[in-house]
Amino acid sequence: MSPMRWLVTGSSSGIGESLVRNIIARGDKVVATARGDLYRLSSLKEAGAETFTLDVTASLSDIKMVVAKILESGPIDVLVNNAGYIEAGLAEEATYFETNFFGVIKTTQAILPHLREKKSGFVVFIGSSGGIAGEPGAGPYCGTKFALEGWYDCLKQETAHLGIKSVIFELGFFRTKIMDPANVKLRSEPIDDYKPIRDGVTQFVQSINGHQPGDPKKAVSIIIDVVKDEGVAQGRPLPERLPLGPDCLATLRKKAVSNLNICNEWEDVIRSTNFD
Ligand SMILES: NC(=O)c1ccc[n+]([C@@H]2O[C@H](COP(=O)([O-])OP(=O)(O)OC[C@H]3O[C@@H](n4cnc5c(N)ncnc54)[C@H](OP(=O)(O)O)[C@@H]3O)[C@@H](O)[C@H]2O)c1
């Protein structure tokens, strides 16, 4: 099989950086992108990646220009929508979607014409256990990841007949910089009524940062296996969604059981709403 050429957003740290290094180690080509100074990607360049500046909150036309430049030196086979961060805060205070949701939509829209033309390609979405179930104090983040799940579900069905595959990986807690207090955004004018919840979130972020159970290297190895239909993915159908990490498995199971219980306990009521 000839090497694939991947495009990864948010490659300056964490899952993105690890993914780029693993893609190179597996013999594929990769375009690593990050916002800001390209100097931040110099070690990935030395490792063999092509590097481009891409802020996923830029306008769609600007993102399309970057993608066009990337395509000048060859086709892209896989887009990994990885860039993201955590905004903690209460549901009533939430105001943001730019990076985790609209950034993914715009980057995907910028690459889709190319994938449609060549009638092949793979789009990878990095979801979260926060896109399966909400937690107090995580409204802004969970909102973006829930939105991503819905948008992905539609896109997957709309593009399958064009030879374009896609999958969403739902990550539990993985040890990256995502929980670094410098990266977790908190609102500056909080609503007093929610103080206990906000304090709980702050404490949780401080206690889990650096102690997350998940190993990013193991996650990215599985992500690459699934895209390439190798390793742990061999002999299994492409999953619609794949939770990664025992904590995420527990969240998905709890949600599935809860949904099933609602269906069973309320079935007669739920079924009673059609016209007679
Ligand atoms: N680690 C976890 O526990 C976990 C769990 C569930 C889901 N996820 C998801 O995994 C993905 C990667 O996160 P991570 O854990 O690897 O965290 P990370 O180490 O903080 O990396 C996040 C990456 O996203 C980049 N980014 C943020 N805003 C961006 C923008 N506007 N344009 C381009 N890049 C941007 C960051 O770049 P800068 O260096 O410029 O900030 C950084 O490279 C995210 O989508 C996250 O929601 C992670």
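To be clear, the structure that these remarks concern was listed above.
Every chain is numbered on its own, with residues counted from 1 as its sequence reads. Selection of residues for local features in this predicted model requires a pLDDT of at least 70, selection of side-chain atom pairs for listing and counting requires 80 or more, and totals for whole chains, interfaces and linings are taken over all residues. Only hydrogens and water are removed before side-chain values are computed, so all heavy atoms of the structure are retained for them.

Focus on the overall build of the protein chain
At step 1: Strands here mean DSSP runs of E at least two residues long; helices mean DSSP runs of H or I at least four residues long; both are numbered from the N terminus. Tallying secondary structure elements over the protein chain gives nine helices and seven strands in all.
At step 2: Taken against the 2.2 N^0.38 rule, which gives 19 Å for 276 residues, the C-alpha radius of gyration of the protein chain at 20 Å falls within 12% of a compact globule.
At step 3: Referenced to the eigenvectors of the C-alpha coordinate spread, the extents of the protein chain come out at roughly 55 × 50 × 35 Å.
At step 4: Each of the 276 residues in the protein chain was classed as buried or not, and the buried ones make up 42%.
At step 5: Exposure was quantified through the Shrake-Rupley algorithm and a 1.4 Å probe, taking into account, for residues, occlusion by the shown protein chains and nothing else. Accessible surface computed for the protein chain: about 14,600 Å², of which carbon and sulfur atoms make up 55%.
At step 6: Note that His is not counted, nor are the chain ends; the positive residues are Lys and Arg, and the negative ones are Asp and Glu. In plain terms, the charge of a residue is placed at NZ if it is Lys, CZ if Arg, CG if Asp and CD if Glu. The centroid of the 31 positive side-chain charges in the protein chain is displaced by 6 Å from the centroid of its 34 negative side-chain charges. All radius of gyration figures rest on C-alpha atoms, and the globule criterion is 2.2 Å times the number of residues raised to 0.38. Each residue gets one of three labels from its accessible area relative to the maximum for its type: buried under 20%, exposed over 50%, partly exposed in between, using a 1.4 Å probe on protein chains only.

Side note on the site of the ligand
At step 1: Neighbouring the ligand are 27 residues; S12, R40, N82, Y141 and T176 lie closest to it.
At step 2: N or O atoms closer than or at 3.5 Å make up a polar contact, with two conditions inside protein: a donor-capable atom paired with an acceptor-capable one, and, for residues adjacent in sequence, both atoms drawn from side chains. Side-chain polar atom of S12 to an oxygen atom of the ligand: 2.6 Å apart, as the coordinates give it.
At step 3: Measuring from an oxygen atom of the ligand, one finds a side-chain N or O atom of T176 at 2.5 Å.
At step 4: Relative to its free-state accessible area of 890 Å², the ligand is covered by the protein chains to the extent of 94%.
At step 5: For the shell around the ligand, the secondary structure elements donating two or more residues are α1 (14-25), β5 (121-128) and α5 (139-159). Neighbouring residues are identified by heavy atoms, a residue being near a molecule or strand if any of them is within 4 Å of it.

Digging into unusual backbone geometry
At step 1: Of note, K119 is a non-glycine position whose phi angle comes to about 55°, a positive value.
At step 2: Its location among the elements puts K119 in the loop between α4 (98-118) and β5.

Concerning the pattern of salt bridges
At step 1: Here, a salt bridge means any side-chain nitrogen of Lys or Arg that lies within 4 Å of a carboxyl oxygen of Asp or Glu. Within this structure, the stated rule accounts for 13 salt bridges.
At step 2: Its salt-bridge partner being E230, residue R26 comes within 3.2 Å of it at the nearest N-O pair. Here the residue R26 occupies a position in the loop between α1 and β2 (29-34), and E230 occupies one in the loop between α7 (216-228) and β7 (241-244), the gap between them amounting to 204 residues.
At step 3: Note on E230: relative accessible area 28%, which makes it partly exposed.
At step 4: Through salt bridges that share partners, E149, D153, E170, E240 and R241 make up one connected network.

Topic: the environment of L238
At step 1: Tracing the sequence through the fold places L238 in the loop between α7 and β7.
At step 2: Taking the C-alpha atoms as reference points, L238 and V167, 71 residues apart in sequence, are found 7.9 Å from one another.
At step 3: If we ignore the near neighbours within four places in the chain, the residues touching L238 are F122, K156, K165, S166, V167 and V226. We call two residues in contact when some of their heavy atoms are within 4.5 Å.

Points about the sheet that holds strand β3 (residues 50-53)
At step 1: Note on pairing: two strands pair once DSSP finds at least 2 bridges between them. Read from one edge to the other, the open sheet built from seven strands follows the order β3-β2-β1-β4-β5-β6-β7, with strand pairing classed as parallel. Whereas interior strands pair on both sides, the edge strands pair on one side only; in this sheet they are β3 and β7. Between one strand axis and the next, the sheet turns by 20° as a mean value, whatever way the strands run.
At step 2: In this sheet, β3 lies alongside β2 in parallel orientation, the contact comprising four bridges. Considered in β3, the bridge of A34 is made with T53.
At step 3: A fitted line through C-alpha atoms represents every axis, and for helices the fit uses only the stretch in contact; the resulting angles, taken between N-to-C directions, go from 0 to 180 degrees. Across the face of the sheet, helix α3 (residues 60-72) comes into contact with β1 (5-8), β2 and β3 while running at roughly 160° to β3.
At step 4: In this fold helix α8 (residues 246-265) packs onto β6 (164-171) and β7, with an angle of close to 125° to the strand it touches most, β7.

Any functional reading would require information that these geometric values do not contain.
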